[in-house]
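# Structure assessment
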Amino acid sequence: MALSDLSIRRPVATTMLYLAVGVLGVVSFARLPIDLLPDVSFPTLSVWTTYPDAGPAEVERFVTEPVEAVVSRVPAVRTVDSRSREGQSLVRLQFHWGTDMEFAMLHVRERLDNLVGSLPESAERPVILTSDPTNDPIISLAITGANLAELRDLSDAVFKRRLEQLDGVAMAAITGGPIREIQVEVNASQLSVNDVTIAQVTDALDRANYSAPGGSIRRGRFRYSLRTLGEFQSVEELEDVVVARPAGGGVVRLRDVARIFEGEADRETVARFNGEPAIGLLVYKEAGSNTVRVADQVGEVLAQLQEEFPEVGIEVASSQATFIAEAISNVVQALLFGGILAFMVLFLFLRDPRYPVAIGLAIPISVMAAFALCYLADVSLNVMSLGGLALGVGMLVDNSIVVLENVFRHREEEGLDASSSASVGANEVAGAITASTLTTIAVFGPVLYVKGVAGALFTDLSLAVAFSLLASLLVALTLLPVMAARVGRK
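For the chain, the helix and strand inventory stands at 15 helices and 16 strands. Compactness check: the chain gives a C-alpha radius of gyration of 34 Å against a globular reference of 23 Å for 490 residues, more than 25% above the reference. Overall, the chain is about 125 × 60 × 55 Å in size when its C-alpha atoms are taken along their principal axes. Residues counted as buried form 39% of the 490 residues belonging to the chain.

Right under this line is the structure:
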């Protein structure tokens, strides 16, 4: 029995099936992650090692070459290249596309942990860096006010913590503004007079600014840990640090050989908004979270913070959610205009509003089914997948128009009743529209086997087009004959 005949004989089952598809499509659309671009994670890792006060030749010999020898044995590594500079070593690993980078990072970390004991003592622990274009902030905020130092402290103590508590926010980073720093200006003449060296001053500060465990005490059946707190709490405490004890007696304190004051660290970043100095707050989202939903939560928190701190200006400098929302709006408009134009064209040719209404209903049902399939295939809503849906909107009505026109022809020319004309008309063109749809899908099929950045970008587009076309074919062969058989009755 043909699929269209089975649908015509079981109209209630067909209707319930597509109601379920619609519900699944709505639920899938609500749960689909929304992002700017597909997940394009470059299969590269970089190992950064610092070796202070060493020349390029020493860095290459004692750091770069051992790191290269260790990481080159990691599975799935394709190429290894390195750069050695004064005090710095960078080893870059490139893996084959499709490698699970989380496991690759674990393998690299295990090999480096075994190597740490063989590196020079003054060399710092190697750091693994990843390269991912999706690590860009989704929202950039500008905090403006009178005193930048106070704004930075407020942003660090309040704004940053409030934003990081949100579900889907991975991190909030502060940029720009002055950073408070305790500076010690050593007087060279006083060092010479008191016979003190710079190394003694540094060692004295290190010994004084130190917290260490102090053992434990028992009270009844409980044991309490003790800890000696020796970290500096004020500038006056630094001034009283004993730097040296001369042989003739007495002590040399830090205030005798240096001037201690609270200043600002050298600025590495400068943030401006509308030409005025500001504090930048960059919000990063967690992997796989919905960008638009996270941006809405951030907006709600910003409104609360603005009420709590009316004297502080909080502005959104840039947001990826705005562009994504506009892209979704464009797709919705394309769906609406496509359905309206298809209805008008069919009404002009068929001069009966009932059949065009059936085709108009086929468009949203096909889109809902495509959303459900995208959710099952882990395809996010992004610029590429939405572009695929927009591209498929123009082809969603093709199969339905062919089926409906053939049903209409049998009804008008041969005088068949509604059920017979729907059955005969759908069965005649079933093979043709199936071949046409599969031919179109075959054009996008090879994109799934493309490796590299191009494959990662266009896979979502090809899957979205394929899912929407398959859904439109199923609708044309099942739902449309049922509707033609029902609405065509006199």
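Reading across the sheet, the four strands line up as β2-β3-β1-β4 and stay open at both edges, with antiparallel pairing between neighbours. Each edge of the open sheet carries a strand with a single partner, namely β2 (77–85) and β4 (127–130). Strand-to-strand twist in this sheet, taken as the mean axis angle between neighbours without regard to direction, amounts to 20°. Here seven bridges tie strand β1 (residues 44–50) to strand β3 (residues 88–95), and the two strands are oriented antiparallel to one another. Each residue of the ladder has a partner; that of Thr-50, found in β3, is Gln-88.

Let us now look at helix α5 (residues 148–164). Ser-155 marks the point of greatest bend in α5, at about 45°. Within the span of α5, buried status applies to Leu-148, Leu-151, Arg-152, Leu-154, Ser-155, Phe-159 and Leu-163. Against the buried residues of α5 lie β5 (139–144), β6 (169–175), β14 (276–277), β15 (279–285), α10 (291–308) and β16 (313–319). Two to three positions downstream of the cap, the backbone nitrogen of Ala-149 sits 3.0 Å from a side-chain oxygen, assigning the N-cap of α5 to Asn-147.

A word on unusual backbone geometry. Backbone geometry at Asp-195 places phi at a positive 55°, although glycine is not the residue there. If you trace the backbone, Asp-195 turns up in the loop between α6 (188–194) and α7 (198–208). Of note in this structure, Asn-274 is not a glycine but carries a positive phi near 55°. By the element assignment, Asn-274 lies in the loop between β13 (272–273) and β14.

Quick look at the sheet that holds β15 now. The four strands lie next to each other as β6-β15-β5-β16, forming an open sheet whose pairing is antiparallel. Looking at which strands have only one partner, the edges of the open sheet turn out to be β6 and β16. Direction aside, neighbouring strands of the sheet carry axes that sit 25° apart on average. With six bridges joining them, β6 and β15 adopt antiparallel strand pairing. Residue pairing for β15: Met-171 is matched across the bridge by Tyr-284. Contacts from α5 reach β5, β6, β15 and β16 within the one sheet, and its direction differs from that of β6 by about 175°. Contacts from α10 reach β5, β6, β15 and β16 within the one sheet, and its direction differs from that of β16 by about 165°.

Let us now look at the packing of α5 against α10. The geometry of α5 relative to α10 is characterised by a closest axis approach of 10 Å and an angle of 150° between their N-to-C directions. Looking at the two axes, α5 sits roughly antiparallel to α10. Taken as a pair, α5 and α10 cross one another with a handedness that is right-handed. On α10, the residues touching Val-158, Phe-159, Arg-162 and Leu-163 of α5 are Val-298, Val-301, Gln-304, Leu-305 and Glu-308. Here the contact of α5 with α10 is composed, by residue class, of six nonpolar, one polar and two charged.

A few words on the pattern of salt bridges. On inspection of all chains with the given rule, the structure shows seven salt bridges. For the salt bridge of Glu-308 with Arg-162, the shortest nitrogen-to-oxygen distance reads 3.4 Å. In this pair, Glu-308 sits in helix α10 while Arg-162 sits in helix α5, placing the two residues 146 residues apart along the sequence. Since its relative accessible area comes to 24%, Arg-162 is described here as partly exposed. Where Arg-259 meets Glu-185, a salt bridge forms, and the shortest distance between an N and an O atom there is 3.0 Å. One end of the pair, Arg-259, is in strand β12 (residues 258–264); the other, Glu-185, is in strand β7 (residues 180–186), with 74 residues separating them in the sequence. In this structure Arg-259 comes out as partly exposed when scored by relative accessible area, which is 46%. Of the residues examined, Glu-185 reaches a relative accessible area of 40% and is grouped as partly exposed.

Here the distance between the centres and the angle between the planes together describe a pair of aromatic rings. Enumeration according to the criterion identifies two aromatic pairs in this entry. Ring centres of Phe-29 and Phe-371 lie 5.0 Å apart, and the angle between their planes is 40°; this geometry places the pair in the tilted category. Remark: Phe-371 occurs in helix α12 (residues 354–376) and Phe-29 occurs in helix α2 (residues 11–31); sequence separation between them is 342 residues. Look at Phe-29 and you get partly exposed, because its relative accessible area is 33%.

In this structure, Thr-437 sits in helix α14 (residues 418–444). Classification of Thr-437 as buried rests on a relative accessible area of 4%. Not counting the four nearest positions on each side in its chain, Thr-437 is found in contact with Asn-399, Leu-469 and Leu-473.

This part takes up the packing of helix α3 (residues 56–71) against helix α4 (residues 101–115). Where α3 contacts α4, the axes come no closer than 9 Å and their chain directions differ by 135°. Of the possible angle classes, the one that applies to α3 and α4 is oblique. Every pair of crossing elements has a handedness; the one defined by α3 and α4 is right-handed. The residues of α4 that touch α3, namely those facing Pro-66, Val-67, Val-70 and Val-71, are Val-108, Arg-111, Leu-112 and Leu-115. Along the lines of polarity and charge, the residues of the contact of α3 with α4 split into seven nonpolar, no polar and one charged.

Looking now at the environment of Leu-389. Within the fold, Leu-389 resides in helix α13 (residues 383–413). Linking Leu-389 and Leu-463, residues 74 residues apart in sequence, is a C-alpha distance of 9.4 Å. Apart from the residues lying within four places of it in its own chain, the contact partners of Leu-389 are Ala-370, Phe-371, Ala-464 and Ser-468.

Its location among the elements puts Ser-46 in strand β1. Using a relative accessible area of 17% as the deciding quantity, one classes Ser-46 as buried. The contact partners of Ser-46, leaving out residues within four places of it in the chain, are Leu-90, Val-91, Arg-92, Val-127, Ile-128 and Leu-129.

Calculation criteria
Residues numbered from 1 in each chain as written. Predicted model: local features only at pLDDT ≥ 70, side-chain atom pairs only at ≥ 80, totals over all residues. Heavy atoms only, no water. Helix = DSSP H or I, 4+ residues; strand = E, 2+ residues; numbered from the N terminus. Rg over C-alpha atoms; globule rule 2.2 N^0.38 Å. Buried < 20%, exposed > 50% of the residue type's maximum accessible area, 1.4 Å probe, protein only. Pairing = 2+ DSSP bridges. Axes fitted to C-alpha atoms, helices over the stretch in contact; angles between N-to-C directions. Bend = angle between axes of the 7 residues up to and from the residue. Contact = heavy atoms within 4.5 Å. Polar contact = N/O pair within 3.5 Å; in protein donor to acceptor, adjacent residues only side chain to side chain. Parallel < 35°, antiparallel > 145°, perpendicular 65-115°, else oblique. Left-handed = near helix turned anticlockwise from the far one by under 90°. Nonpolar A, V, L, I, M, F, W, Y, C, P; charged D, E, K, R; others polar. Salt bridge = Lys/Arg side-chain N within 4 Å of Asp/Glu carboxyl O. Phe/Tyr/Trp six-rings, centres within 6.5 Å; stacked < 30°, edge-to-face > 60°.

All we've got here are geometric facts, nothing functional implied.
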